[in-house]
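For reference, the chains in residue letters:
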Amino acid sequence: MPGDVSAEGNPVIKDTLASRSFSVGPVEVSPALLLAPMSGVTGRAFRRMIKTENPEAVGLVVTEFISVEGLTRGNAKSLRMMEYSEIEHPVSVQIFGYDIDRMIEGARIAEEAGAHIVDINCGCPAPKVVKRGGGCELMRQPDHLGKILSAVVKAVSVPVTMKMRSGWDNQTRNAVEIAHIAEDCGVGMITVHARTRSELYRGQPDWQIVADVVDAVSIPVVGSGDIVDKDSADQALQSGVSGLMIGRGAMMNPWIFRELISGQSPEKTVTQVAGVLRSYLQLLADEVPEKAYLGKMKQFVSQVTRLIDGAGPVRKELCRTTSLSEFLRIVAEWEERA
Ligand SMILES: Cc1cc2nc3c(=O)[nH]c(=O)nc-3n(C[C@H](O)[C@H](O)[C@H](O)COP(=O)(O)O)c2cc1C
């Protein structure tokens, strides 16, 4: 920063989030802020909305997790989930599964579809995923996971990354062991959601285990868990991670990325919130049928309207709408009243 000098008279370079970046093979993640994969949320419309609202502030977006069982059987929905627009670059496509051959094929399909990175999901806690051996169950099968990771790394030319939890449960917090395996297999980046599978989304993230992973490997490590503002971002950065991944915080505040970069978090107005609702609705309307996108709008409304004091009644009204025209009318009336 100009004017800042140390006791020895040298300029002090402050490591701000704006100046922080890292590389995963040929992919530069700059700035080092990533939009988390969130199944049912971070489809193309949500990713585009976040990139548009946070110019130059999101270094990487990740798709929702995509089943390799669906992908490799030509399931149209799974294939559509890999589509992205120019504004989203670079894009990581996250796949999940258990069978090695299907993981290889799924990763190849993702690469052919234009994924800049293929990410392997090792953190999903959902019973229907872990029962079939995928998601966080892979952390309980390190040998098998190692086989998947090295096979996928060999099968594609784009970087392969993985996202895991701190462990399965309190007795099995093996993120460090898994990180060593991943690095040895040629994985280019590890994201750690700092909770065990048993914790789901409860309790405090364990940033110490993330720091242990950072110390254990020499590839970039990204931290995930409850990063919602400057203070939580600062706390996560103390673990030594190369980057921060934000999930639910982006639903609560779709401008969080640019605010972390600028260091400023101005009060939000009804006009701003109404504007982002309209933009998201438009993006969704371009992509999915009305029935499906109203559900997604309500999911977003239930979070983002919390930025405005006293928005409870309008939130309830919007969550009860049954059509696009009704939704837009309520938003317009809210804006007029403000
Ligand atoms: C609704 C929802 C869906 C999620 N889906 C995925 C997913 O598909 N793949 C994945 O790796 N993590 C998934 N996660 C975990 C997030 O990526 C992230 O690690 C976790 O929510 C903690 O970060 P946060 O507090 O910033 O949300 C999901 C989380 C939520 C809340």
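Keep in mind the model is a prediction, meaning the values are calculated, not measured.

Q: It is not clear to me how the site of the ligand should be interpreted in this structure. Could you clarify?
A: Taken together, 16 residues are adjacent to the ligand, and Pro37, Gln94, Ser224, Asp226 and Arg248 come closest. At 2.8 Å, a backbone N or O of proline 37 approaches an oxygen atom of the ligand. Between the ligand and the protein, one listed contact pairs an oxygen atom with a side-chain N or O atom of lysine 163 at 2.8 Å. Partitioning the shell around the ligand into residue classes produces six nonpolar, seven polar and three charged.

Q: Can you help me understand the packing of aromatic side chains in this one?
A: Here a ring pair, both rings aromatic, is described through the centre-centre distance and the interplanar angle of the planes. Under the definition given, this model contains four aromatic pairs. Aromatic side chains phenylalanine 46 and tyrosine 280 sit 5.7 Å apart centroid to centroid with 85° between the ring planes, which places their arrangement in the edge-to-face category. Remark: tyrosine 280 occurs in helix α12 (residues 270-287) and phenylalanine 46 occurs in helix α1 (residues 44-53); sequence separation between them is 234 residues. Here phenylalanine 46 matches tyrosine 280 in class, with each residue buried. Between the aromatic rings of phenylalanine 65 and phenylalanine 96, the centroid separation amounts to 4.3 Å while the plane-to-plane angle is 25°, which identifies the pairing as stacked. Here phenylalanine 65, found in the loop between β4 (60-62) and β5 (66-67), pairs with phenylalanine 96, found in strand β6 (residues 91-96); they are 31 residues apart in sequence, far enough to count as distant. The class of phenylalanine 65 is buried, set by a relative accessible area of 15%. The exposure class of phenylalanine 96 is buried, given its relative accessible area of 15%. Here a set of aromatic residues connected by ring pairs shows up, and it is made of Phe46, Tyr280 and Phe300.

Q: What is the right way to read the pattern of salt bridges from this model?
A: Note on pairing: side chains with opposite charge can pair once their charged atoms come close. One pass over the full model with this rule turns up 14 salt bridges. One network of salt bridges, in which partners are shared, links Arg44, Arg48, Glu83 and Glu287.

Q: Sorry, what's going on with the side chain of aspartate 169 here?
A: Along the chain, aspartate 169 turns up in the loop between β8 (160-167) and α7 (175-184). Separated by 3.0 Å, the side chain of aspartate 169 and the backbone nitrogen of glutamine 171 make a polar contact. The contact partners of aspartate 169, leaving out residues within four places of it in the chain, are Thr196 and Ser198.

Q: Explain helix α9 (residues 230-237) to me, please; I cannot follow it from the model alone.
A: Owing to its 3.6 residues per turn, the α-helix brings residues three or four apart onto one side. When we look at burial in α9, the residues that qualify are Ser232, Ala233, Ala236 and Leu237. Projection of α9 onto a plane perpendicular to its axis shows the buried side chains occupying an angular sector of 140°, all on one side. Residues of α9 that are buried in the fold lie against α8 (207-216), β11 (243-246) and α11 (256-262).

Q: I would appreciate a short explanation of the environment of leucine 244 in the present structure.
A: Mapped onto the secondary structure, leucine 244 falls in strand β11. In this structure the C-alpha to C-alpha distance between leucine 244 and serine 224, which are 20 residues apart in sequence, comes to 6.3 Å. When sequence neighbours within four positions are dropped, the list of residues in contact with leucine 244 reads Leu17, Ala32, Leu33, Leu34, Val222, Gly223, Ile227, Ala233, Ala236 and Leu237.

Q: Would you take a moment to explain the packing of helix α14 (residues 312-319) against helix α15 (residues 324-337) for this structure?
A: Helix-helix packing is characterised by the crossing angle of the two axes and by the distance between the axes. At a minimum axis separation of 9 Å, α14 and α15 run at an interaxial angle of 165°. It follows that α14 is roughly antiparallel to α15 by the angle criterion. Remark: the crossing between α14 and α15 carries right-handed chirality. Residues Val314, Glu317 and Leu318 of α14 form the contact with α15, whose participating residues are Phe327, Ile330, Val331, Trp334 and Arg337. In terms of residue class, the contact of α14 with α15 is made up of six nonpolar, no polar and two charged.

Q: I keep staring at the pairing of strand β10 (residues 221-224) and nothing clicks. Help me out?
A: Remember that side chains alternate between the two faces of the sheet whenever the strand is regular. With burial as the criterion, each face of β10 is covered, one bearing Val221 and Gly223 and the other bearing Val222 and Ser224. Examined bridge by bridge, strand β9 (residues 190-196) and β10 share four bridges and lie parallel to one another. Bridge assignment links histidine 193 to a residue of β10, and that residue is serine 224. Traced from β9 through α8 to β10, the parallel crossover comes out right-handed. Read from β10 through α9 to β11, the crossover connection turns out right-handed.

Q: Help me out: how do you make sense of a positive patch on the surface in this one?
A: Among the surface-exposed residues, Lys77, Arg80, Lys128 and Arg132 lie close enough to one another that they form a single positively charged patch. Here lysine 128 lies in helix α5 (residues 127-130). In this structure lysine 128 comes out as exposed when scored by relative accessible area, which is 62%.

Rules of the game
Residues numbered from 1 in each chain as written. Predicted model: local features only at pLDDT ≥ 70, side-chain atom pairs only at ≥ 80, totals over all residues. Heavy atoms only, no water. Near = heavy atom within 4 Å. Polar contact = N/O pair within 3.5 Å; in protein donor to acceptor, adjacent residues only side chain to side chain. Nonpolar A, V, L, I, M, F, W, Y, C, P; charged D, E, K, R; others polar. Phe/Tyr/Trp six-rings, centres within 6.5 Å; stacked < 30°, edge-to-face > 60°. Helix = DSSP H or I, 4+ residues; strand = E, 2+ residues; numbered from the N terminus. Buried < 20%, exposed > 50% of the residue type's maximum accessible area, 1.4 Å probe, protein only. Salt bridge = Lys/Arg side-chain N within 4 Å of Asp/Glu carboxyl O. Contact = heavy atoms within 4.5 Å. Arc of directions from axis to C-beta. Axes fitted to C-alpha atoms, helices over the stretch in contact; angles between N-to-C directions. Parallel < 35°, antiparallel > 145°, perpendicular 65-115°, else oblique. Left-handed = near helix turned anticlockwise from the far one by under 90°. Pairing = 2+ DSSP bridges. Right-handed = clockwise from strand over helix to strand, strands pointing away. Patch = residues over 30% accessible without salt bridge, like charges linked within 9 Å, V, L, I, M, F, W, Y side chains within 5 Å. Areas by Shrake-Rupley, 256 points an atom, 1.4 Å probe, with all protein chains shown as cover. Lys, Arg positive; Asp, Glu negative; His and termini not counted. Charge placed at Lys NZ, Arg CZ, Asp CG, Glu CD.

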